[in-house]
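Each chain, letter by letter, is given below.
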Amino acid sequence: HLGLARYVVEHQAPGLITSEGRPDASRMQELAHHVMMINPAVEVYLLDAQGRVLAHALDDTQGPNPVG
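Residues numbered from 1 in each chain as written. Predicted model: local features only at pLDDT ≥ 70, side-chain atom pairs only at ≥ 80, totals over all residues. Heavy atoms only, no water.

### Describing the side chain of histidine 56
Part 1: Structurally, the position occupied by histidine 56 is in strand β2 (residues 53-56).
Part 2: Separated by 2.8 Å, the side chains of histidine 56 and glutamate 43 make a polar contact. (Helix = DSSP H or I, 4+ residues; strand = E, 2+ residues; numbered from the N terminus. Polar contact = N/O pair within 3.5 Å; in protein donor to acceptor, adjacent residues only side chain to side chain.)

Below, the structure written as structure tokens:
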């Protein structure tokens, strides 16, 4: 899904990180719903520059660590 990821990055407005430095859960959920309209099998994760998962778009429904 590299093409979809690239499209999301290029077209997503800034602001997935709050002013406190934490992932913005409501923005992540909004983004996930848009992406899932394109492909319902795709999950949305927010990564840091080192590739570590900072947030999963559906954290509330998947538990605290959906990646394991």
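### A word on the nonpolar core
Part 1: Judged by nonpolar contacts, Leu4, Val8, Leu16, Met28, Leu31, Ala32, Val35, Val42, Val44, Leu46, Ala55 and Ala57 together constitute the single largest core of 12 residues.
Part 2: With 4 residues, helix α2 (residues 25-38) is the single largest residue contributor to this core.
Part 3: Those residues in contact with alanine 32, other than ones at most four positions away along the chain, are Val44, Ala57 and Leu58. (Core = buried A, V, L, I, M, F, W, Y, C linked by side-chain atoms within 4.5 Å. Buried < 20%, exposed > 50% of the residue type's maximum accessible area, 1.4 Å probe, protein only. Contact = heavy atoms within 4.5 Å.)

### Let's talk about the pairing of β2
Part 1: Where strand β1 (residues 45-47) lies against β2, 3 bridges are found, and the strand directions are antiparallel. Bridged to leucine 47 within β2 is valine 53.
Part 2: Between β1 and β2, which pair antiparallel and follow one another directly, the connecting turn spans 5 residues, one of which, glycine 51, has a positive phi of 85°. (Pairing = 2+ DSSP bridges.)

### Notes on the layout of surface pockets
Part 1: If you add up the space inside the largest pocket, you get close to 350 Å³.
Part 2: Where the lining of the largest pocket is concerned, the elements lending two or more residues are α1 (2-11), α2 and β1.
Part 3: Per element, the largest residue contribution to the lining of the largest pocket is 4 residues, and it comes from α1.
Part 4: Residue composition of the lining of the largest pocket, grouped by class: 13 nonpolar, 2 polar and 1 charged. (1 Å grid on protein atoms, 1.4 Å probe; cavity = no way out; pocket = protein on both sides within 12 Å on 5 of 7 lines; lining within 4 Å. Points joined across faces, edges and corners; volume = space filled by probe spheres on them. Nonpolar A, V, L, I, M, F, W, Y, C, P; charged D, E, K, R; others polar.)

From the geometry alone we can't say anything about function, so treat these as descriptive.
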